[in-house]
Amino acid sequence: MPDSGQNHRNLVVEVVGARNLLPKDGQGTASAYAIVDYDGQRRRTKTVFRDLNPQWEEKLEFLVHDPESMASETVEINVYNDKKTGKRTTFLGKVKISGSSIAKSGSETLVYFPLEKRSVFSQVKGEIGLKISYIDPPPQAPETEAAAKEAEEKKPEEAKKTEEETKKAEEEEKKKPEGEDAKSEAETKSDPAEAPKSEAPADAPAEEKKEKKKAKAEEEKPAAAEAEKSLAVADVAVVASRSAMKDLEIRSLCGGGGSRGGGAYDLVEKVPYLYVRVLKAKPAENTDTDTYAKIVIGSHNVCTRTVKSTDWDQVFAFHKAGLNSTSLEISVFVQNTVETEKDKPPSKVDTCLGSVSFDIHEVPKRAPPDSPLAPQWYTLEGGGPGGDVMLAVWFGTQADESFSEAWQSDSGGSIVHTRSKAYLSPKLWYLRLTVIQTQDLKLSGPKARPAADLLVKAQLGQQVFKTSKVSAGSSSTWHEDLLFVAAEPFDPSLIISVEEASSVHSVGQAKVPVSGISRRVDDRSVPPSRWFDLHAGDAFAGRIHVRTCLEGGYHVLDESASATSDVRAASKQLSRPPVGTVEVGVRGATNLLPMKPGGTTDAYAVIKYGPKWARTRTILDSFNPRWDEQYAWDVYDPCTVLTVAVFDNTKHKSGSKDTRIGKIRIRLSTLDTNRTYINSYPLMVLHPSGAKKMGELELAIVFKCNSWISLIQAYASPLLPRMHYAHPLGPGQQDLLRHTAMQIVSARLGRSEPPLGPEVVQYMLDSDAHLWSMRRSKANWFRAVHCLTRSAEFARWVRGVRAWTHPSTTLLVHALLVIIVLCPHLVLPTLFMYLFLIVLWRYRGRPAVPAGMDARLSHVDAVGLDELDEEFDGFPSSRPPEQVRARYDRLRALAGRAQTLLGDMAAQGERVEALLGWRDPRATGLFAGACAVAALVFYAVPFRVVVLLMGFYYLRHPRFRDEMPPVGVSFFRRIPSLSDRVL
């Protein structure tokens, strides 16, 4: 076992066991052992002899050299049959696990992975149970941190001492005679090899000693500069940590790869900004008064916060296009308290310590991945008391790591509600509570009263579910499942109470800590059941037997089923490696309409894919905002949807809800891989007065594929995890859980800073998609009709062939019928070749750009105002009773037509059952006789001849065809259905 160490991450692979292995030793058994490989390291388990279900229970540890690249590594487990029991070592199967699916120690669960083949000819069967996790090194001890801090504090003192020695050596060097300098140089040149090796003797000339001392000082100058630089770096440690936290947040948005947009920013225009980082000041006179710095460049006049420690640590970003001056001035002020009259409070007077000026033409440029510009001390000038200020000035772009936390001149400065931000939806689980039975219940009330029915109520946060009613008694049994949505961090406890159904009187209550509930990833493992004591106040009221578990094998749906962006299971161990990445560049919007009463618009964009959200900064008072921000996500399934919406920010002014400007969705499967799309999409919003175009959004998007094989395999894999098919949820239950998950996500993101409002989250997740809408119903109806258009066209073509509208076409169909009957083996090849040619022909008309929202498909132009008002009406309705009654009558008329259609469909099936059930004896007798005759005919006549004759009869000329319905159709319509028995 390798040395775990204290400075490295360790990977722990616990090989629990295998089951249902394939016999390979020739005696119906196998002696299996496992070999685990990771990053060039190999470990082996023991051999379990003659067992097709071996249990190893061994933990194998591996050293992770680079934790950042762990996600791209693979753990490979190979199972073999020991050659000691057979002629040779036999392969039993293998498993490959991506490093991105490995959980942290403490959250791992036992997962049985199916064994895979090594090649096409391998014979493999069975599963292997593994627990895989990683252990991070412990944090640095406080003593070590203190020592490091002490060393950092000593560096400036050593640098200052070295600088003083250097100055002293230079002064002594100036006092030397010129002849001695020449002599020293000649001596040095005579033997250059020995000069650096030997020390000057005590009686050596003084000038030689001084020359060597000068050379040593020259060598120590870079060290002094480095020490000064380390002092500056130490001064900005807090700033660097904050920038690192922000960069880490954006890196999580990018799926762990690179900074925002991968650091390339190749999908948007690079916008230049003037950055000013003001760290702290050092007044010439020690003072304990409030201090602040003022930055002035043209019409921009910005102040830092006022502090007593003279430590501001703030960054300011000025849009270069908005600069109207070439001079940048930073001034430092102190606020002195001046005593006034006795009855009046003291006033504060600002005193300028001095200022520093820069010409912006001489400001250096910096772009990532260059290292951050180190701040420097500048002397304050201008006639004040004086002092020093530490700052850094540079030109950069929006790709700078300081941009997100900086005061920005084009987005409201330091207003928190206007900043760009990355969000992460809470991790959601299904919590399953199985109520089994109760015992020893202490039922209250008089004994003469009949026993009331009991039910079990469970509550998790705001979610409350109840079981069915059972007869009361000291022991009652339910065996019912209640399903909740739980979000990390979990609520403290699940409250279970037994109540009387009639009086809602609580018999007793128990609390189950959610943190102690076991997790499972599939249905193969059954979580343990437990008994909990019920208490009514402080008194014992009985016991309840329940089983609880967190279902990691389901994907918790929190968005509309038609626009889902993530289908992975809740358990990280079941996730697969990503098939690619999608990068989105939000370039800008054009021709936005005024959204506020004053005729202004403060727009920002929100992008959502999977559990990760991105919000751009708010551009104030602009109808053509330019964000030019780029983000990236890992893609685990190409058949998912990316959602982008634009909102008008009103929280930074009035605190009210943000207003919708428009939304678009892009399905990743419609994108070509590794191709950049730059297009403008119309922003449409539905109002009670109708649909309205609010502007256009310009996006750049590219879908990068890592592996074509993984991409093709994704199309062949099930859309949802296995548990959705092994133990499916009912449609009603699934809709209820989806709505609950939306509410949880909305509440959690609303508590972020800056908050992502519920109106934004619900609009992105389509929380109202399940509500009734006449417009959506019409749109879905016409969608269904459009899908049947091809079938209707084919039916019309067949009628034309039968009617001999074009005799040449009908004759060709007769010839085709003869060929099909005589050569039936050509039917399927011809059919698939025809489909192939159709698809190839339509390749020319494929969509050139990703499609956005379609107003015509949404049926917004052919809908009445009353129907739109009904769609915007809340639930329950808030409209007048007369208007609600009119809508109800209209809905009844529509439902009546649907009711008639359903009755006709049911009648056709009932006629088939009546034909076989002797409900009409004469009809069933005629059908039985026809079946007997048909059996004799088809037995005597070859099948090809029958098909050919039937085809010719069907295509006969209209001269030989009657206008009346065929005999078979008339006979079938006369068969009775059950419609006459319905009340």
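Residues numbered from 1 in each chain as written. Predicted model: local features only at pLDDT ≥ 70, side-chain atom pairs only at ≥ 80, totals over all residues. Heavy atoms only, no water.

An unreviewed UniProt entry annotates the chain as C2 domain-containing protein originating from Acorus calamus. As recorded by UniProt, the Sequence similarities (unreviewed entry) comment attached to the chain reads in full: "Belongs to the MCTP family." Of the comments in the UniProt record for the chain, the one headed Subcellular location (unreviewed entry) reads "Membrane". (UniProt positions renumbered as here; feature names shortened; annotations may be inferred.)

A.B. asks: Can you walk me through empty space enclosed by the protein in this structure?
C.D. replies: Under the criterion given, the structure shown has one cavity of 30 Å³ or more. For the largest cavity, the calculated volume is near 60 Å³. Along the walls of the largest cavity sit Ile97, Ser101, Ile102, Phe113, Leu130, Lys131, Ile132 and Gln573, which together make up its complete lining. With three residues, strand S9 (residues 127-135) is the largest single contributor of residues to the lining of the largest cavity. Per-class residue counts for the lining of the largest cavity are five nonpolar, two polar and one charged. (1 Å grid on protein atoms, 1.4 Å probe; cavity = no way out; pocket = protein on both sides within 12 Å on 5 of 7 lines; lining within 4 Å. Points joined across faces, edges and corners; volume = space filled by probe spheres on them. Helix = DSSP H or I, 4+ residues; strand = E, 2+ residues; numbered from the N terminus. Nonpolar A, V, L, I, M, F, W, Y, C, P; charged D, E, K, R; others polar.)

A.B. asks: What am I meant to see in helix H14 (residues 881-916) here?
C.D. replies: At 3.6 residues per turn, the α-helix brings residues three or four places apart onto the same side. With 36 residues, H14 extends 52 Å from end C-alpha to end C-alpha; this agrees with the ideal 52 Å at 1.5 Å per step. Taken together, the buried positions of H14 are occupied by Arg887, Ala907, Arg911, Ala914 and Leu915. Looking at the packing, one finds that the buried side of H14 touches helix H13 (865-872), helix H15 (921-940) and helix H17 (967-973). One or two steps after H14, the chain reaches Trp918, where phi turns positive at roughly 60°. (Expected span 1.5 Å × (residues − 1). Buried < 20%, exposed > 50% of the residue type's maximum accessible area, 1.4 Å probe, protein only. Contact = heavy atoms within 4.5 Å.)

A.B. asks: Just to check I follow, could you spell out the pattern of salt bridges for this structure?
C.D. replies: Opposite charge on two side chains lets them pair, provided their charged atoms get close. Applying the stated criterion to the full structure yields 43 salt bridges. Residue Arg432 is joined to Glu551 by a salt bridge in which the shortest nitrogen-to-oxygen separation is 2.7 Å. Note that Arg432 is positioned in strand S20 (residues 428-439) and Glu551 in strand S28 (residues 539-551), a separation of 119 residues in sequence. Per residue, the accessibility class of Arg432 equals that of Glu551, and both read buried. Between Lys457 and Glu499 there is a salt bridge, with its nearest N and O atoms 3.1 Å apart. Separated by 42 residues along the polypeptide, Lys457 in strand S21 (residues 454-460) and Glu499 in strand S24 (residues 493-500) bring together distant segments of the chain. Within the structure, one salt-bridge network assembled from shared partners comprises Asp866, Asp869, Glu870, Asp873, Arg879, Arg887 and Arg890. (Salt bridge = Lys/Arg side-chain N within 4 Å of Asp/Glu carboxyl O.)

A.B. asks: Would you mind showing me how to read the UniProt feature "transmembrane region" (unreviewed entry) in the chain here?
C.D. replies: The sites that carry the UniProt feature "transmembrane region" (unreviewed entry) are, in the present numbering, residues 811-837 and 926-955. Measuring from the first to the last C-alpha atom of residues 811-837 gives 24 Å, for a span that is 85% helix and 0% strand. Counting secondary structure, residues 926-955 comes out at 90% helix and 0% strand; the distance between its end C-alpha atoms is 27 Å.

A.B. asks: Can you walk me through the packing of aromatic side chains in this structure?
C.D. replies: For any pair of aromatic rings, geometry is given as the distance between the ring centres together with the angle between the planes. One pass over the full model with this rule turns up 16 aromatic pairs. Aromatic pair Tyr604 and Phe647: ring centres 5.8 Å apart, planes at 25°, arrangement stacked. Taken together, the residues Tyr604 in strand S30 (residues 603-609) and Phe647 in strand S33 (residues 641-648) connect sequence positions 43 residues apart. Using a relative accessible area of 0% as the deciding quantity, one classes Phe647 as buried. Note on Phe647 and Tyr763: the rings are 5.7 Å apart at their centroids and 80° apart in plane angle, and the pair reads as edge-to-face. Of this pair, Phe647 sits in strand S33 while Tyr763 sits in helix H8 (residues 758-765), placing them 116 residues apart in sequence. What makes Tyr763 buried here is its relative accessible area of 10%. In textbook terms, an aromatic cluster arises when at least three aromatic residues are bridged by ring pairs, as seen for Tyr273, Tyr275, Trp394 and Phe403. (Phe/Tyr/Trp six-rings, centres within 6.5 Å; stacked < 30°, edge-to-face > 60°.)

A.B. asks: Where do I start with unusual backbone geometry in this structure?
C.D. replies: Most peptide bonds are trans, and most residues other than glycine sit at a negative phi. With an omega of -5°, the peptide bond between Glu488 and Pro489 qualifies as cis. Take Pro489: it is sitting in the loop between strand S23 (476-487) and S24. The residue after Glu753, namely Pro754, is reached through a cis peptide bond having omega 0°. On the secondary structure map, Pro754 appears in the loop between helix H7 (731-750) and H8.

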